[in-house]
Amino acid sequence: MNDALELLKSRRSIRKYKNQPVEEEKIQKCLEAAQWAPSASNKQPWEFLIVTEERIRQKLSEIHPYAKFVAESPVVFVPLTNPDVHQKYHMSDSALATLQFMIEAHSLGLGTCWAGVIGASIEPEIKELLGVPEHLNVLGLVATGYAGEEPTRTRKELDTLVHYEKY
Ligand SMILES: Cc1cc2nc3c(=O)[nH]c(=O)nc-3n(C[C@H](O)[C@H](O)[C@H](O)COP(=O)(O)O)c2cc1C
């Protein structure tokens, strides 16, 4: 098994996309990666929605103030959380599934960008547009497609974050 560190460090949030369709098999693999995320008590409190229709992506980009790029990305992965399945961990578990989708996408040469939705004032409008049932939450919108940019990012230094043995 290969060390994942280089893969993890080279993933960037992509906000510009090429006008190039994404192969169905790649999306299927990303969905499988999400399916295999760890979850508290293995409850898997998630469902997934894939949006490709241009008209809907355009509407999503109009509703979400910080996700204009979903109009451009050919695929939008929409992770849904189910609090009825696990009240306490529905959000963290679904976030892990979302990250696994994004990491698999990156390993297949695809870019992604997660735009947060859950708890925001726009969530009901997005739910209605996508026909999401009342009992589910929309965790976010994950733009997915071939990257049209190569952004760079920094991180806080580890020695400002890490404590050993005691804080
Ligand atoms: C929960 C969550 C919500 C985010 N929401 C947005 C968003 O609404 N719009 C956006 O452009 N990026 C969004 N991002 C992406 C972050 O800005 C990005 O991950 C961060 O700047 C670090 O950059 P990197 O992913 O390239 O390392 C979000 C990321 C997370 C995890």
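Residues numbered from 1 in each chain as written. Predicted model: local features only at pLDDT ≥ 70, side-chain atom pairs only at ≥ 80, totals over all residues. Heavy atoms only, no water.

In the vicinity of the ligand there are 13 residues, among which Arg 12, Ser 13, Arg 15, Tyr 66 and Arg 155 approach most closely. Contact between the ligand and Arg 11: an oxygen atom at 2.9 Å from a side-chain N or O atom of the residue. Measuring from a nitrogen atom of the ligand, one finds a backbone N or O atom of Tyr 66 at 2.9 Å. Burial of the ligand by the protein amounts to 66% of the accessible area it has alone, namely 620 Å². (Near = heavy atom within 4 Å. Polar contact = N/O pair within 3.5 Å; in protein donor to acceptor, adjacent residues only side chain to side chain. Areas by Shrake-Rupley, 256 points an atom, 1.4 Å probe, with all protein chains shown as cover.)

To continue, consider the layout of surface pockets. One water molecule sets the probe size; rolling that probe over the atoms shows where empty space is left. Reported here for the largest pocket is a volume of approximately 290 Å³. Leu 5, Leu 8, Lys 9, Arg 11, Arg 12, Leu 99, Ile 103, Arg 153, Thr 154 and Arg 155 are the residues that line the largest pocket. Of all the secondary-structure elements, those providing two or more residues to the lining of the largest pocket are α1 (5-10) and α4 (90-107). No other element matches α1, which puts three residues into the lining of the largest pocket. Looking at the lining of the largest pocket residue by residue, the classes come out as four nonpolar, one polar and five charged. Lining the second largest pocket are 14 residues, and of these Ser 10, Ile 14, His 106, Ala 147 and Glu 149 sit closest to its centre. Looking at the lining of the second largest pocket residue by residue, the class counts come to five nonpolar, five polar and four charged. (1 Å grid on protein atoms, 1.4 Å probe; cavity = no way out; pocket = protein on both sides within 12 Å on 5 of 7 lines; lining within 4 Å. Points joined across faces, edges and corners; volume = space filled by probe spheres on them. Helix = DSSP H or I, 4+ residues; strand = E, 2+ residues; numbered from the N terminus. Nonpolar A, V, L, I, M, F, W, Y, C, P; charged D, E, K, R; others polar.)

Attention shifts here to a nonpolar patch on the surface. On the surface, a nonpolar cluster with roughly 450 Å² of combined accessible area is contributed by Leu 158, Leu 161, Val 162 and Tyr 164. Structurally, Tyr 164 can be placed in the segment after β5 (140-145). (Patch = residues over 30% accessible without salt bridge, like charges linked within 9 Å, V, L, I, M, F, W, Y side chains within 5 Å. Salt bridge = Lys/Arg side-chain N within 4 Å of Asp/Glu carboxyl O.)

Before going further, it helps to examine the packing of helix α2 (residues 24-35) against α4. α4 packs onto α2 with a crossing angle of 145° between their chain directions and a minimal axis gap of 7 Å. At the point where α2 passes α4, the crossing takes the right-handed sense. Along the contact surface, α2 presents Ile 27, Lys 29, Cys 30, Leu 31, Ala 33 and Ala 34, while α4 presents Ala 97, Gln 100, Phe 101, Glu 104 and Ala 105. For the contact of α2 with α4, a count of residues per class yields eight nonpolar, one polar and two charged. (Axes fitted to C-alpha atoms, helices over the stretch in contact; angles between N-to-C directions. Left-handed = near helix turned anticlockwise from the far one by under 90°. Contact = heavy atoms within 4.5 Å.)

In this section: the packing of aromatic side chains. Tallied over the entire structure, the rule returns three aromatic pairs. A ring pair is formed by Trp 46 and Phe 48, whose centres lie 6.2 Å apart and whose planes are at 20°; its orientation type is stacked. Take Phe 48: its relative accessible area is 27%, and that puts it in the partly exposed class. Here the aromatic rings of Phe 48 and Phe 77 are separated by 5.5 Å at their centres, their planes lie at 45°, and the arrangement is tilted. Of this pair, Phe 48 sits in strand β1 (residues 46-51) while Phe 77 sits in strand β2 (residues 75-81); the two residues are 29 residues apart in sequence, bridging distant segments of the chain. (Phe/Tyr/Trp six-rings, centres within 6.5 Å; stacked < 30°, edge-to-face > 60°. Buried < 20%, exposed > 50% of the residue type's maximum accessible area, 1.4 Å probe, protein only.)

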